[in-house]
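# Examining the three-dimensional arrangement
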Amino acid sequence: MDRPEEERGPDMPEQETLQRAHRDKEKGKSPSTQAGEFVREEIHHVREGKHGVSSPQQAIAIGLSKARRAGVKLPPPKTGRSTNRIRKQAQRDLAKGRSGNRRVSPRRSRATENALKRESRSNASRSALSRQTRRAASRRGRSSLHKAAMKAVRTKGKEGLRRAGQKAARTRQRHAR
């Protein structure tokens, strides 16, 4: 893991990402929060121009795959939420993360990177991610959103709640114009 960035393949997460995810795990945060660090890294890679993606969902999928391979205990999607192929791949990634074998095939890495370099960079823009987020939120029911809000109240703490309230007020103000 202590190889310089140039020697690493595209499937190897950066050291800081691993540290941030580990910190999240120590704080007792959920696997999806830990995996969020890897998704964030992937979006930064696209924005930096390291490679492109065919859609915001692909950037998210790459990040989740990296997280599973790095040892984050993120379960594969439930039946009906995705295709069998995607679920099987997620199971393989999880197994790879548990095995501790971090060897990456250089030829496959190169092929993946070259294919991604031909994709668009605009799919990780603010507007593209905003569209994806809104679409994902619209698929969730009211009870699911309410449950998430109640969990936030329990887990954010006083300072986090205050900050969230201020952000909500700013958003309301911006939309009122």
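Just so we're clear, the structure is a prediction, and the values are computed from it rather than from any experiment. (Residues numbered from 1 in each chain as written. Predicted model: local features only at pLDDT ≥ 70, side-chain atom pairs only at ≥ 80, totals over all residues. Heavy atoms only, no water.)

Along the chain, the position of Lys167 falls in helix H7 (residues 142-176). Lys167 sits 88 residues away from Thr79 along the chain, and the two C-alpha atoms are 36 Å apart. (Helix = DSSP H or I, 4+ residues; strand = E, 2+ residues; numbered from the N terminus.)

Tracing the sequence through the fold places His22 in helix H1 (residues 15-26). His22 sits 147 residues away from Ala169 along the chain, and the two C-alpha atoms are 32 Å apart.

A few words on a positive patch on the surface. A cluster of basic residues, Arg47, Arg126, Lys156, Lys167, Arg170, Arg174 and Arg177, forms a positive patch at the surface. With four residues, the top contributor of residues to the positive patch is H7. Judged by its relative accessible area of 51%, Arg174 is exposed. (Patch = residues over 30% accessible without salt bridge, like charges linked within 9 Å, V, L, I, M, F, W, Y side chains within 5 Å. Areas by Shrake-Rupley, 256 points an atom, 1.4 Å probe, with all protein chains shown as cover. Salt bridge = Lys/Arg side-chain N within 4 Å of Asp/Glu carboxyl O. Lys, Arg positive; Asp, Glu negative; His and termini not counted. Charge placed at Lys NZ, Arg CZ, Asp CG, Glu CD. Buried < 20%, exposed > 50% of the residue type's maximum accessible area, 1.4 Å probe, protein only.)

The next point concerns helix H3 (residues 56-69). Residues that lie three or four places apart on an α-helix share one face, since the helix turns once every 3.6 residues. The end-to-end C-alpha separation of H3 is 20 Å, in line with the 20 Å expected for 14 residues at 1.5 Å each. Turning to H3, its buried residues number three or more, namely Pro56, Ala59, Ile62, Gly63, Lys66, Ala67 and Arg68. Each element contacted by the buried residues of H3 is listed here: helix H2 (31-48), helix H4 (84-99), helix H5 (106-117) and helix H6 (126-139). Positive phi shows up at Gly71, right after H3, with a value of about 105°. (Expected span 1.5 Å × (residues − 1). Contact = heavy atoms within 4.5 Å.)

This part is about the nonpolar core. Among the nonpolar cores identified, the biggest contains nine residues, and these are Val39, Ile43, Val46, Val53, Ala59, Ile62, Leu116, Ala124 and Leu129. For this core, the elements supplying multiple residues, two or more each, are H2 and H3. Sorting elements by how many residues they give to this core places H2 first, with three residues. For Ile62, the residues in contact, after removing those within four places along its chain, are Glu42, Val53 and Leu116. (Core = buried A, V, L, I, M, F, W, Y, C linked by side-chain atoms within 4.5 Å.)

In this fold, His45 is placed in helix H2. Residues in contact with His45, not counting those within four places in the same chain, are Glu14, Lys50, His51 and Lys66.

As a further point, take the pattern of salt bridges. On inspection of all chains with the given rule, the structure shows eight salt bridges. The salt bridge partner of Arg20 is Glu37, with a shortest N-O separation of 2.8 Å. Highlighted residues: Arg20 in helix H1 and Glu37 in helix H2, separated in sequence by 17 residues. Two residues, Glu37 and Arg40, come together in a salt bridge whose shortest N-O distance is 3.7 Å. Of this pair, Glu37 and Arg40 both sit in helix H2, three residues apart, which is roughly one turn of that helix. Residue classification places Glu37 among the buried positions, given a relative accessible area of 14%.

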